[in-house]
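Secondary and tertiary structure notes
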Amino acid sequence: DCARLKCVALTMDDGPVPGTAKVLDLLGRKRVNATFFVVGQRARLRPDLVRRMVNEGNLVGNHSWSHPEFFGARLKMIRGQLTRTDRVLRRATGHDPVLMRPPFGEVTSGLLRTTRELGEAVVLWDVDPRDWKDRKASTVVKRVLKRTKRGSIILTHASLKTTRQAYGRIIDGLRERGFTLVTVPQLFGGRLKPGRVYLRR
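Each chain has its residues counted from 1, following the order in which its sequence is written. Totals for whole chains, interfaces and linings use all residues, but because this is a predicted model, local features are given only for residues with pLDDT of at least 70 and pairs of side-chain atoms are given and counted only at 80 or more. Derived side-chain values reflect all non-hydrogen atoms in the structure, with water molecules and hydrogen atoms excluded from consideration.

**Notes on the nonpolar core**
Only buried residues count toward a nonpolar core, which is a set of Ala, Val, Leu, Ile, Met, Phe, Trp, Tyr and Cys residues joined through side-chain atoms within 4.5 Å. For the exposure calls, accessible area comes from a 1.4 Å probe over protein chains only, and a residue counts as buried if that area is under 20% of its type's maximum, exposed if over 50%, partly exposed in between. With 35 residues, the main nonpolar core has Met12, Leu27, Phe36, Ile170 and Leu174 as its most contacted residues. Those elements that provide at least two residues to this core are strand S1 (7-13), helix H1 (20-30), strand S2 (35-38), helix H3 (47-55), helix H4 (75-93), helix H6 (137-147) and helix H7 (161-176). We call two residues contacting when some pair of their heavy atoms lies within 4.5 Å. What Met12 contacts, discounting residues up to four positions off in sequence, is Val23, Leu27, Ala34, Thr35, Phe36, Phe37, Thr156, Ala158 and Tyr167. Counting 14 residues, the second-largest nonpolar core is a separate cluster that includes Cys2, Val182, Val184 and Leu192. Secondary structure follows DSSP: runs of H or I at least 4 residues long count as helices, runs of E at least 2 residues long count as strands, and numbering of each begins at the N terminus.

In structure tokens:
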């Protein structure tokens with residue numbers, strides 16, 4: 001009940017990669033679920049990891065097929081990036097994704113129109129530890145713990161080894177501060193509207 005608890009959502013972009021298996025192992029040991037925004041061309045190569053994400057209680061969302069920029073892109077390109085990834089996720093999990101995160105957080109009118117038609121909510125973030133720039137586990141941990149507030153959506157990149165090394169300390173540190181880690185739909189009580197942008201609860 002995130003109306004009562006200090007809930008936050010840990011999200012992980014750009015996978016699946018081989019190291020994603022260790023992330024899932026860690027989440028299992030810690031009894032935590034996260035939200036993975038996967039890149040279609042990587043998900044196609046590792047459908048077993050995508051299935052495992054879902055089977056273990058995590059949420060899987062669309063992060064485009066090849067991670068292009070959407071600013072200035074034609075509607076046809078945006079739709080193709082999403083629908084191609086949707087097909088891969090549907091084959092892997094048996095379900096259509098209900099969440100989408102645009103590459104680089106680039107939201108356009110075409111993206112909103114397309115996600116509304118596809119039945120996917122657009123999920124951004126309010127906590128960015130800039131793990132892609134400063135690839136040091138202790139720095140990532142420090143920034144996440146300093147910036148996270150009740151209702152936060154935390155951005156991390158599961159493709160980065162240093163970030164994967166930080167997950168355990170991030171989870172423990174958030175829990176020590178009284179936070180409950182949930183998936184994005186759980187954060188919003190399961191009510192996310194297709195085509196709408198969500199930054200935090």
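Structure's up, so let's keep going.
**Points about the state of the cysteines**
Throughout, a disulfide means two cysteine sulfur atoms within 2.5 Å of one another. Under the criterion given, the structure shown has 1 disulfide. Between the sulfur of Cys2 and that of Cys7 lies a disulfide, 2.2 Å long from S to S. One disulfide, between Cys2 and Cys7, carries an S-S torsion of -90° and so falls in the left-handed class. Summarising the burial analysis for this pair, Cys2 and Cys7 share the class buried.

**A closer look at H6**
Taken together, the buried positions of H6 are occupied by Ala137, Val140, Val141, Val144 and Leu145. Relative to the axis of H6, the buried residues are bounded by an arc of 120° and lie together on one face. Exposed residues lying more than 90 degrees from the buried face of H6 are Lys142 and Lys146. Against the buried residues of H6 lie strand S6 (153-157) and H7. Each C-beta atom gives one direction from the helix axis, and the arc is the one those directions make.

**Some points on the packing of aromatic side chains**
In this scheme Phe, Tyr and Trp rings, the latter by its six-membered ring, pair at centre separations within 6.5 Å, and the angle between planes marks the pair as stacked below 30 degrees, edge-to-face above 60, and tilted otherwise. Inspection of every chain in the model, using the stated rule, returns 1 aromatic pair. Arranged with centres 4.9 Å apart and planes meeting at 65°, the rings of Phe188 and Tyr198 form a pair that is edge-to-face. Taken together, the residues Phe188 in the loop between helix H8 (184-187) and strand S8 (197-198) and Tyr198 in strand S8 connect sequence positions 10 residues apart. Distance and angle both matter: a charge sits over a ring if NZ of Lys or CZ of Arg is within 6 Å of the ring centre and within 35 degrees of the ring normal. Its guanidinium or amino end placed over the ring of Phe179, Lys6 lies 4.4 Å from that ring's centre, counting from NZ or CZ.

**Points about a positive patch on the surface**
A surface patch of like charges, here positive, comprises Arg130, Lys133, Lys142, Lys146 and Arg147. Looking at where Arg147 falls in the secondary structure, it is placed in helix H6. By definition, no residue in a patch forms a salt bridge, and every one has over 30% relative accessible area; like charges are joined within 9 Å, nonpolar side chains (Val, Leu, Ile, Met, Phe, Trp, Tyr) within 5 Å. The protein chains shown are the only cover counted for residues, whose accessible areas, like all others here, come from Shrake-Rupley with a 1.4 Å probe. Any Lys or Arg side-chain nitrogen located within 4 Å of an Asp or Glu carboxyl oxygen qualifies as a salt bridge. Positive charge is attributed to Lys and Arg, negative charge to Asp and Glu, and no charge count is given to His or to the chain ends. By convention, charge coordinates are those of NZ in Lys, CZ in Arg, CG in Asp, or CD in Glu.

**Overview of the pattern of salt bridges**
Opposite charge on two side chains permits them to pair, given that their charged atoms come into close proximity. Under the defined criterion, the tally for this structure stands at 8 salt bridges. Of the charged contacts, one joins Asp13 and Arg101 as a salt bridge, the two residues approaching to 2.8 Å between their closest N and O atoms. One end of the pair, Asp13, is in strand S1; the other, Arg101, is in the loop between strand S4 (99-100) and helix H5 (109-118), and 88 residues separate them in sequence. Here the two residues Asp13 and Arg101 agree in accessibility, since each one is buried. One salt bridge connects Lys30 with Asp172, and the closest N-O pair in it is separated by 2.9 Å. Here Asp172 lies in helix H7 and Lys30 lies in helix H1, a separation of 142 residues in the sequence. Judged by relative accessible area, Asp172 falls into the partly exposed class, the value being 31%. A single network of salt bridges, built from pairs that share partners, joins Asp25, Arg52 and Glu56.

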